[in-house]
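Topology and contacts: notes
The chain contents come next:
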Amino acid sequence: MTNFEYKPISLEGPAFRLLRVLKGVDNDPIRCQLFESKIPSSEDISNYAALSYTWGSTSRPCDLIINNSKTPVTKNVYLALRDLRYRVKDRVLWVDALSINQNDKNEQGQQVQQMGSIYSKAERVIIWLGEATYNTDYVMHYMIELEEKSVKHASDNQHRQEISQKQWVDIWSTVIRDLRPDQKNLLADGLQSLLRRNWFKRVWVIQETGNARAADIVCGSKSVSASIFALMPFLLKITPDLHCQSVIDIMPGSLRDSSWWAKKRDLYTMLSKFRNSEATDPRDKIYALLGISSDTCNTDLLKADYGKNIQDVIFNTTSFL
């Protein structure tokens, strides 16, 4: 089998590549089709999901089959696609490591400038937190149950976004009413384990989450809406660190609409909130915030340009501020 090679993508218009993950089960090889598409205009959304995850190690020990050619990928890309692949139908995703030719710096810079649109035009964003453990599976199970009960409560009474904090506490109480104290402690341990995942430290997740119309949190084989996940620290009486809480604040849902995110998100505020974020490339600590900062949308001074060194990026940013 031949090795996969990228075809050049148009760098003029809103072109991007999507990955069709072909249906499969368990240990079937992961087969995909990579194809070029156009980012939807205006208020339109497209029927793809954009993946938000951590790259992890840059080594590529795993293989995918893309357009009938073999492609080496990182362990995290492989595991994420394995968890997200449907059993009975194909699924269309945008996955940065595959949708962007990482060896073409011109393409990389152009696609990074479009990432705000890529995530905001997606039908939903899939936040993959990694492989499951017993503790994470345990808390995810009860989050899913909370979501199911909240849907029923909303259909009986009001829209889910209108459920008050007290009502959420009441619904959660019915979910966990039969649990022993040690089982409730296991819920807290599971959530804290998820909040310690590297995803919460990565700078790019800020843009990916902030631009999402809707999002799902996925860990292993279990999935729950981000709006439910964002409630869990409050319901389990856990206080995340300030950086982690800032990320939770921007997850799609009623909490985002009432948080600092809805009031002020200029570049200075974003840099202050997320100064402890991590990036493999230090330039990305700034580039990753440009697509969501309210005052950087229409400036030519700050654009993702990987031809510039870090000193020039810092100088331009300081001049802008």
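Nothing here was measured: the structure is a model prediction, and the numbers come from that model.

Moving on: empty space enclosed by the protein. Per the stated rule, a full pass over the model turns up one cavity of 30 Å³ or more. Space inside the largest cavity adds up to approximately 40 Å³. Lining the largest cavity we find Y287, L301, L302, K303, K308, V313 and N316. Split into classes, the residues belonging to the lining of the largest cavity amount to four nonpolar, one polar and two charged.

Strand order in the open sheet formed by nine strands is β5-β4-β2-β1-β6-β3-β7-β8-β9, with mixed pairing between adjacent strands. For this open sheet the edge positions go to β5 (69-73) and β9 (222-225), each flanked by a neighbour on one side alone. On average, each strand axis in the sheet is tilted by 35° relative to the strand beside it, whichever way the strands run. Pairing analysis gives three bridges linking strand β1 (residues 15-21) to strand β6 (residues 91-94), with the strands arranged antiparallel. Its bridge partner being in β6, R20 is matched across the sheet by V92.

For the coordinates displayed, the defined rule picks out zero disulfides. The thiol sulfur of C219 is not disulfide-bonded, and the nearest other cysteine sulfur, from C244, lies at 14 Å. Of the residues examined, C219 reaches a relative accessible area of 1% and is grouped as buried.

Unfilled space is identified by rolling a water-sized probe across the atoms. In this structure, the largest pocket spans a volume of roughly 800 Å³. Forming the walls of the largest pocket are 30 residues, and the residues nearest its centre are W55, G56, R202, W204 and T280. Among the elements that make up the lining of the largest pocket, the one with the highest residue count is helix α3 (residues 105-113) (three residues). A class-by-class count of the residues in the lining of the largest pocket yields 11 nonpolar, nine polar and 10 charged. Each pocket or cavity is described by its volume, and for the second largest pocket that value is around 430 Å³.

Conventions adopted
Residues numbered from 1 in each chain as written. Predicted model: local features only at pLDDT ≥ 70, side-chain atom pairs only at ≥ 80, totals over all residues. Heavy atoms only, no water. 1 Å grid on protein atoms, 1.4 Å probe; cavity = no way out; pocket = protein on both sides within 12 Å on 5 of 7 lines; lining within 4 Å. Points joined across faces, edges and corners; volume = space filled by probe spheres on them. Nonpolar A, V, L, I, M, F, W, Y, C, P; charged D, E, K, R; others polar. Pairing = 2+ DSSP bridges. Helix = DSSP H or I, 4+ residues; strand = E, 2+ residues; numbered from the N terminus. Axes fitted to C-alpha atoms, helices over the stretch in contact; angles between N-to-C directions. Disulfide = S-S within 2.5 Å. Buried < 20%, exposed > 50% of the residue type's maximum accessible area, 1.4 Å probe, protein only.

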